[in-house]
Amino acid sequence: MTGVARYSEAVRRLFTTAPRSGFLPDGPGARRHGEAMALDRAAWVRFDLRLHEGRVADARFRAWGCPHLIAACALVAERMVGQTPAEAVVLDPVALARELAAPPEKLGRFLVLEDALHGLAAGMREAQ
Amino acid sequence: MTGVARYSEAVRRLFTTAPRSGFLPDGPGARRHGEAMALDRAAWVRFDLRLHEGRVADARFRAWGCPHLIAACALVAERMVGQTPAEAVVLDPVALARELAAPPEKLGRFLVLEDALHGLAAGMREAQ
Amino acid sequence: MRRAVYLDYAASSPLHPEVAAAMAICLGPQGPHANPSAGHAEGRRAAEAIEQARASVAGLIGARPESILFTSGATESDNLAILGACRAKANHGGHVVTSRVEHRAVIDAFRQLEREGFQVSWLKPTADGRIDPAQVEAALRPETLLVSVMHGNNETGVMNEVAAIGAICRAREVLLHVDAAQSAGRVPVDVAGWNADLVAFTAHKLGGPKGIGALYVRPLPRPVLQPLQFGGGQEHGLRSGTLATHQAVGFGVACRIAAADLMTEATRVRALREKLWRLLQPAAPLWRNGGGEPSLPGILNVGFAGIEGESLLLDLEGAVCASSGSACNAASAEPSYVLRALGLSDLGCQASLRLSVGRFTAERDVDEAAGAILHALERLRGMAPPGALERVR
Amino acid sequence: MRRAVYLDYAASSPLHPEVAAAMAICLGPQGPHANPSAGHAEGRRAAEAIEQARASVAGLIGARPESILFTSGATESDNLAILGACRAKANHGGHVVTSRVEHRAVIDAFRQLEREGFQVSWLKPTADGRIDPAQVEAALRPETLLVSVMHGNNETGVMNEVAAIGAICRAREVLLHVDAAQSAGRVPVDVAGWNADLVAFTAHKLGGPKGIGALYVRPLPRPVLQPLQFGGGQEHGLRSGTLATHQAVGFGVACRIAAADLMTEATRVRALREKLWRLLQPAAPLWRNGGGEPSLPGILNVGFAGIEGESLLLDLEGAVCASSGSACNAASAEPSYVLRALGLSDLGCQASLRLSVGRFTAERDVDEAAGAILHALERLRGMAPPGALERVR
Ligand SMILES: Cc1ncc(COP(=O)(O)O)c(C=O)c1O
Ligand SMILES: Cc1ncc(COP(=O)(O)O)c(C=O)c1O
């Protein structure tokens, strides 16, 4: 009757390689960021984007939290690139949690990730 | 905190070889016997003696009971031989139990052995 | 020198060499030594070994792995089932049913329930040692919480119709606990077919290591249990304490081996037992305690007129390892309450010997043992006072 | 490929090869396989092996063999001591004392006592994680039945002045139970000097097998215990169930080995731990949880600002096996109640790592582990949002 805590292969790979973590390099276009923090839920997420010609030209994340959260941020940052700003900030946290096989008690952290995207969206709206 | 039930070397030897168990062979002199039974105490003892020239010339025992009882009967029968009838029926059951390292709960059986000797004594008195 | 023939499988079964090998690997330098509760890779390796074992244990009794809870043995399993279910249901009393021929682990758990204010109906076995399902039905009351009946008896080998009892309990929504310590791995056990809510068994009766057992807990509806020991929350919080990886692994292998040839081995063992019974016939007057069918294949309980059991066992020393009464209270000289419940006299109990055969018993062992027993009986009866043969039985 | 450095000795210690060898012999074809309760020669051989082991276990803590009761581990020992002593003394309540930093096996046994109507005084540790004997004294009432305080803490390694607490309890005729699961075999344990009535420990923390533990029960005056499980009457009726010979033998050998070089090994292990702490200094800001003396030699609990423990552990996978919080509830993500009781914030708990070294840890392991940890910290901190280093601590 013991549960064996596990990470999916995707989570391991994304956590270990952490593609698009860190600082956004310079480049043409506008820089935007969105950040959300809920320390009591053990999640703190920040996205940095460069918009160019109506698309996300580059994206970076930084995160403090569990491996599932870090993997999710990496995945979201990866998928943003090439999307329109409107597409980039859309997220179904439940679907993402399912994709990464995150245990249900971690959904709260994915909502923080969603909040960071909302912050990003707000920043982009203001800039328009 | 486990107690390991054990038999002393003497008990093992006397029980295994059971000297003087069985039927008393024929011979000169008078035959006497004494018997005591306490089935609820798991003991049944019988001694058969041949008295000749004022001494126990031969002795046999039969017993139903535990190894300590059988060993005790063998020891008592052995010691009788050569004794006067009066000596032969004297027994200190407590000393005997100690000699054979019998656990205290077995003392009751040694008292049955003593009863058999009393029976023997009674029989010898009657015959006098 | 040849070792004594081991005819005490009902007390404990020798470890299967494959079990020993699997445990040795587990305990060896490359084994999973970490705490199986630890989240790191080494901990998960241990947890995986345990889950694999759990699947094998479950498989033996037709259960799903999630329904198996590891304990330290059938004593703990029985207590957790009985005390755990009753304490969870009622703080101060309630009615429960069991029999007079259960193992002490069950009897004494019920005695504790009595001290805690529960009312116990103690069923008497029929003359052949069985608990009649109709007796169980008659004992049930509207407020009955639990029935506990063993599958196979550890002294006589007599088996109960657990499925019939299970049907009755289910219909009345009363929990059924089955002590299957003697039967699991020796005859088919089908917890679902029984409608059992709780089933206890132990590794060391089926070729596994001592010190690990299992409690099957029915999944739907799942009975609520109050733990016996509280702590780290292992086993869904029902049995806290670091799981012993090597013990679980050994238990698992033993269950897999037992399941693989259950029926052929049961047939072989049963034939050996019957041969032993035949070979002992020259020792008449003798009788068989609880010899009716169905029975566990390996247990033969015989009474020999005119014999005292302790002396018989000592006479057999070096030749045969067997047991008078239950091994669990071999230290006490009290006559077996199981045999007493079958109507035997105290003397008849004292004259009885439990011979139990199992996986590593060969024909030759049975031949040798019978010879040694006949020899010992002759010597002891020859030593007994005249009349003992008639009076002691 | 080199295996990950094992720094989780506080969760479980790898089996000593000599222990494995002794157990393998026991489990092998010539081993004592019979039930140690059986009266026959094979049973006695098993019982003798157990009694020899009991003497070794007793020797480790300065007790007599008769005072040692074998259990399935420290969880059971703690529960038997706490529930057993209190239930035996009072059916419905009474006052008992323990602390907020005990192992779950103790905490949850006391929670059960609360449900059974007992009143529990939960002592708060001092800032350095210790239970002040004066606090214990202040908590005692005329109706206090039992005090339970651990010797060495499993998360921080902080040690309590058990002898001072024992003197207070003795003077007031209150039972003292000590959980020595982390300290037995690692530092000297002297049950008589402590004036302890009950002391729990477990084999797998000191190089023995999982699944066996011991409860020391003071001989004079002997505290009365209500068993947790009832049955065959083994262990003086206090702990029924077939004794596991190979487990006891392994425990015995482990105790003998631990006793043989207790002080030199404690000194070596302590030096390794302090080296590890020095090697981690470049990772400042960092802090030590409960670093004061006296302490268990092998436990280092460090907090790293800006770090989340689960990610740190995954990052270390393949390089270091360690634990965040107590291994026993690694599955739950709740912050450690022990660290919380020391005044740490939830974030500070989450930023903490328990590194525990032991018998088979070499200098090279510590060097390697420190390198891997520094590397992981750098990567994770580099990934964290700006400000995390200040906010998360
Ligand atoms: C029927 C039955 N129940 C329970 C037990 C107890 O098993 P264990 O010794 O593994 O606790 C036994 C064996 O001793 C048994 O035969
Ligand atoms: C202080 C303390 N007490 C009790 C226990 C429980 O020990 P076991 O897992 O052997 O039951 C542990 C270890 O898990 C411990 O560290």
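Residues numbered from 1 in each chain as written. Chains lettered and ligands numbered in written order. Predicted model: local features only at pLDDT ≥ 70, side-chain atom pairs only at ≥ 80, totals over all residues. Heavy atoms only, no water.

1. Overview of the overall build of chain C
No. 1: When its secondary structure is counted, chain C shows 14 helices and 12 strands.
No. 2: Taking 393 residues into account, the globule formula puts the C-alpha radius of gyration at 21 Å, and chain C, at 21 Å, falls close to it.
No. 3: With respect to the three principal axes, the spread of C-alpha positions in chain C is 70 × 55 × 35 Å.
No. 4: Residue burial in chain C is summarised as follows: out of 393 residues, 67% are buried. (Helix = DSSP H or I, 4+ residues; strand = E, 2+ residues; numbered from the N terminus. Rg over C-alpha atoms; globule rule 2.2 N^0.38 Å. Buried < 20%, exposed > 50% of the residue type's maximum accessible area, 1.4 Å probe, protein only.)

2. Things to note about the overall build of chain A
No. 1: Of the regular secondary structure elements, chain A holds 5 helices and 3 strands.
No. 2: Moving toward the C terminus, one meets the helices and strands of chain A in the order α-β-β-β-α-α-α-α.
No. 3: What you see for chain A is a C-alpha radius of gyration of 15 Å, in line with the 14 Å of a compact globule of 128 residues.
No. 4: Along the longest, intermediate and shortest principal axes, the C-alpha atoms of chain A span 55 × 25 × 20 Å.
No. 5: Within chain A, buried positions represent 51% of all 128 residues.
No. 6: Put simply, of all contacts in chain A between residues at least 6 apart along the chain, 61% involve residues at least 24 apart.
No. 7: On chain A, roughly 5,800 Å² of surface is accessible, and the fraction owed to carbon and sulfur atoms is 52%.
No. 8: Side chains of chain A carry 17 positive and 15 negative charges; the gap between the two charge centres is 3 Å. (Contact = heavy atoms within 4.5 Å. Areas by Shrake-Rupley, 256 points an atom, 1.4 Å probe, with all protein chains shown as cover. Lys, Arg positive; Asp, Glu negative; His and termini not counted. Charge placed at Lys NZ, Arg CZ, Asp CG, Glu CD.)

3. Topic: the environment of Ala-57 of chain A
No. 1: Considering the arrangement of structural elements, one finds Ala-57 of chain A in strand β3 (residues 55-65).
No. 2: When neighbours within four sequence positions are excluded, Ala-57 of chain A is seen to be in contact with Arg-50, Leu-51, His-52 and Val-81 of chain A.

4. Some words on the interface of chain B and chain C
No. 1: Of the residues lining the interface, 22 residues belong to chain B; the matching set on chain C comes to 21 residues.
No. 2: Interface area lost by chain B to chain C is led by Phe-15, Trp-44 and Trp-64 of chain B, which between them contribute 34%.
No. 3: On inspection of chain B and its partner chain C, the count reaches 2 salt bridges.
No. 4: Notably, a salt bridge pairs Glu-310 of chain C with Lys-106 of chain B, separated by 2.6 Å at the nearest N-O pair.
No. 5: In this assembly, chain B and chain C are joined by 8 residue pairs in polar contact (both at pLDDT 80 or more).
No. 6: Every element with two or more residues in the side of chain B that touches chain C is listed here: α1 (9-17), β1 (30-38), β2 (43-52), β3 (55-65) and α2 (67-80) of chain B. (Buried area = accessible area lost by both parts, 1.4 Å probe. Salt bridge = Lys/Arg side-chain N within 4 Å of Asp/Glu carboxyl O. Polar contact = N/O pair within 3.5 Å; in protein donor to acceptor, adjacent residues only side chain to side chain.)

5. Thoughts on the arrangement of the chains
No. 1: Between chains C and D lies the most contact-rich interface of the 5 pairs of chains that touch.
No. 2: Taking C-alpha atoms as the reference, chain A and chain B come no closer than 33 Å and do not contact one another.

6. A short note on the site of ligand 2
No. 1: Taken together, 16 residues sit near ligand 2, with Thr-242 of chain C together with Thr-75, Asp-179, Thr-202 and Lys-205 of chain D positioned nearest.
No. 2: Those residues lying near ligand 2 are distributed over chains C and D.
No. 3: One of the side-chain N or O atoms of His-204 of chain D is found 3.1 Å from an oxygen atom in ligand 2.
No. 4: Within the side chain of Lys-205 of chain D, one N or O atom sits 2.9 Å away from an oxygen atom of ligand 2.
No. 5: In isolation ligand 2 exposes 390 Å². Once the protein is present, 98% of that is buried.
No. 6: The class makeup of the residues in the shell around ligand 2 is 4 nonpolar, 9 polar and 3 charged. (Near = heavy atom within 4 Å. Nonpolar A, V, L, I, M, F, W, Y, C, P; charged D, E, K, R; others polar.)

7. Looking at the nonpolar core
No. 1: Among the nonpolar cores identified, the biggest contains 72 residues, and Phe-47, Phe-61, Met-80 and Leu-113 of chain B together with Leu-280, Phe-304 and Leu-355 of chain C are the most heavily contacted of them.
No. 2: The leading source of residues in this core is α2 of chain B, at 10 residues.
No. 3: In this view, Phe-304 of chain C contacts Leu-280, Ala-283, Pro-285, Leu-286, Trp-287, Leu-312, Ala-351, Leu-353, Ile-373, Leu-377 and Arg-381 of chain C; residues no more than four positions away in its chain are not counted.
No. 4: Residues Leu-113 of chain A together with Leu-312, Ala-322 and Leu-353 of chain D belong to the second largest nonpolar core, which totals 71 residues. (Core = buried A, V, L, I, M, F, W, Y, C linked by side-chain atoms within 4.5 Å.)

8. Overview of the site of ligand 1
No. 1: Around ligand 1 sit 16 residues, and of these Thr-75, Asp-179, Thr-202 and Lys-205 of chain C together with Thr-242 of chain D come closest.
No. 2: More than one chain reaches ligand 1: its neighbouring residues belong to chains C and D.
No. 3: A distance of 2.6 Å separates a nitrogen atom of ligand 1 from a polar side-chain atom of Asp-179 of chain C.
No. 4: Side-chain polar atom of Thr-242 of chain D to an oxygen atom of ligand 1: 2.4 Å apart, as the coordinates give it.
No. 5: Burial of ligand 1 by the surrounding chains reaches 98%, relative to a free accessible area of 390 Å².
No. 6: Per element, the largest residue contribution to the shell around ligand 1 is 3 residues, and it comes from helix α3 (residues 74-89) of chain C.
No. 7: In the shell around ligand 1, the residues fall into 4 nonpolar, 9 polar and 3 charged.

9. A look at the relation of the copies chain D and chain C
The two chain copies are connected by a rotation around an axis plus a translation along it.
No. 1: You can overlay chain D on chain C at an RMSD of 0.0 Å; the transform is a turn of 180 degrees with a shift of 0.0 Å along its axis. This pairing of chains is accounted for by a two-fold axis.
No. 2: Most of the interface of chain D is mirrored in chain C, where 100% of its interface residues again form contacts. (Least-squares fit on C-alpha atoms with pLDDT ≥ 70 in both.)

10. So, the domain arrangement of chain C
Residue and element names in this part refer to chain C.
No. 1: Domain boundaries in chain C define domain 1 (5-13 + 262-390) and domain 2 (17-260).
No. 2: Spacing between the C-alpha centres of domain 1 and domain 2 amounts to 28 Å.
No. 3: Between domain 1 and domain 2, the contact holds 31 residues from the first and 36 residues from the second.
No. 4: Of the roughly 2,600 Å² buried between domain 1 and domain 2, counting both surfaces, carbon and sulfur atoms make up 55%. (Domains from an automatic or database assignment.)

11. Points about the packing of helix α9 (residues 262-279) of chain C against helix α13 (residues 363-383) of chain C
Residue and element names in this part refer to chain C.
No. 1: Contact geometry for α9 and α13: axes closest at 9 Å, N-to-C directions at 25 degrees. It follows from the interaxial angle that α9 and α13 lie roughly parallel. Regarding α9 and α13, the two cross each other, and that crossing is right-handed. Two secondary-structure elements touch here, α9 through Leu-272, Lys-275, Leu-276 and Leu-279 and α13 through Glu-363, Val-366, Asp-367, Ala-370 and Leu-374.
No. 2: The residue makeup of the contact of α9 with α13, split by class, is 6 nonpolar, no polar and 3 charged. (Axes fitted to C-alpha atoms, helices over the stretch in contact; angles between N-to-C directions. Parallel < 35°, antiparallel > 145°, perpendicular 65-115°, else oblique. Left-handed = near helix turned anticlockwise from the far one by under 90°.)

12. Section: the sheet that holds strand β9 (residues 286-288) of chain C
All names here are of chain C.
No. 1: With antiparallel pairing, the 3 strands of this open sheet are ordered in space as β9-β10-β12. Every interior strand has two partners, whereas the edge strands, β9 and β12 (352-356), have only one. Across the sheet, the mean angle separating the axes of adjacent strands is 25 degrees when strand polarity is ignored.
No. 2: The pairing of β9 with strand β10 (residues 299-304) spans 3 bridges and is classified as antiparallel. In the sheet register, Arg-288 faces β10, and the bridge partner there is Val-302. (Pairing = 2+ DSSP bridges.)

13. With respect to the sheet that holds strand β4 (residues 118-123) of chain D
All names here are of chain D.
No. 1: Across the sheet, 7 strands lie side by side as β2-β8-β7-β6-β5-β3-β4; this open sheet has mixed pairing. Lying at the two open borders of the sheet, with one neighbouring strand each, are β2 (68-71) and β4. For this sheet the average axis-to-axis angle between neighbouring strands, irrespective of direction, equals 20 degrees.
No. 2: Bridge count between strand β7 (residues 198-202) and strand β8 (residues 213-217): 5 bridges; the pairing is antiparallel. From the neighbouring strand, Ala-200 faces β8, where its bridge partner is Leu-215.
No. 3: Its contacts with the sheet place helix α4 (residues 104-115) against β3 (94-99), β4, β5 (144-150) and β6 (175-179), and it is angled at close to 145 degrees to β4.

14. Description of the interface of chain D and chain C
No. 1: Residue-level contacts link 65 residues of chain D with 65 residues of chain C.
No. 2: Of the charged contacts in the structure, one is a salt bridge between Glu-42 of chain C and Arg-3 of chain D, with a shortest N-O distance of 3.4 Å.
No. 3: Connecting chain D to chain C are 26 residue pairs in polar contact (both at pLDDT 80 or more).
No. 4: For the side of chain D that touches chain C, the elements supplying multiple residues, two or more each, are α1 (17-27), α2 (41-60), α3 (74-89), α4 and α8 (245-260) of chain D.
No. 5: Sorting elements by how many residues they give to the side of chain D that touches chain C places α4 of chain D first, with 6 residues.
No. 6: Grouping the constituent residues of the side of chain D that touches chain C by class yields 25 nonpolar, 26 polar and 14 charged.

15. Structural notes on the environment of Pro-36 of chain C
No. 1: Within the secondary structure layout, Pro-36 of chain C lies in the loop between α1 (17-27) and α2 (41-60).
No. 2: Overall, Pro-36 of chain C belongs to the buried group, its relative accessible area being 7%.
No. 3: Considering only alpha carbons, one finds Pro-36 of chain C and Gln-182 of chain C, 146 residues apart in sequence, at a separation of 29 Å.
No. 4: Apart from residues no more than four positions distant in its own chain, Pro-36 of chain C is found in contact with Gly-43, Ala-46, Ala-47, Ile-50, Thr-242, Leu-243 and Thr-245 of chain C together with Lys-210 of chain D.

16. Some details on the pattern of salt bridges
Oppositely charged side chains can form a pair if their charged atoms are brought close together.
All names here are of chain C.
No. 1: Throughout the structure, instances matching the rule amount to 72 salt bridges over all chains.
No. 2: For Glu-368, the salt bridge identified is with Arg-364, shortest N-O distance 3.5 Å. Residue Glu-368 and its partner Arg-364 are both found in helix α13; the two are separated by 4 residues, about one turn of the helix.
No. 3: Sharing partners across several salt bridges, the network here consists of Arg-270, Arg-273, Glu-274, Arg-288 and Glu-293.

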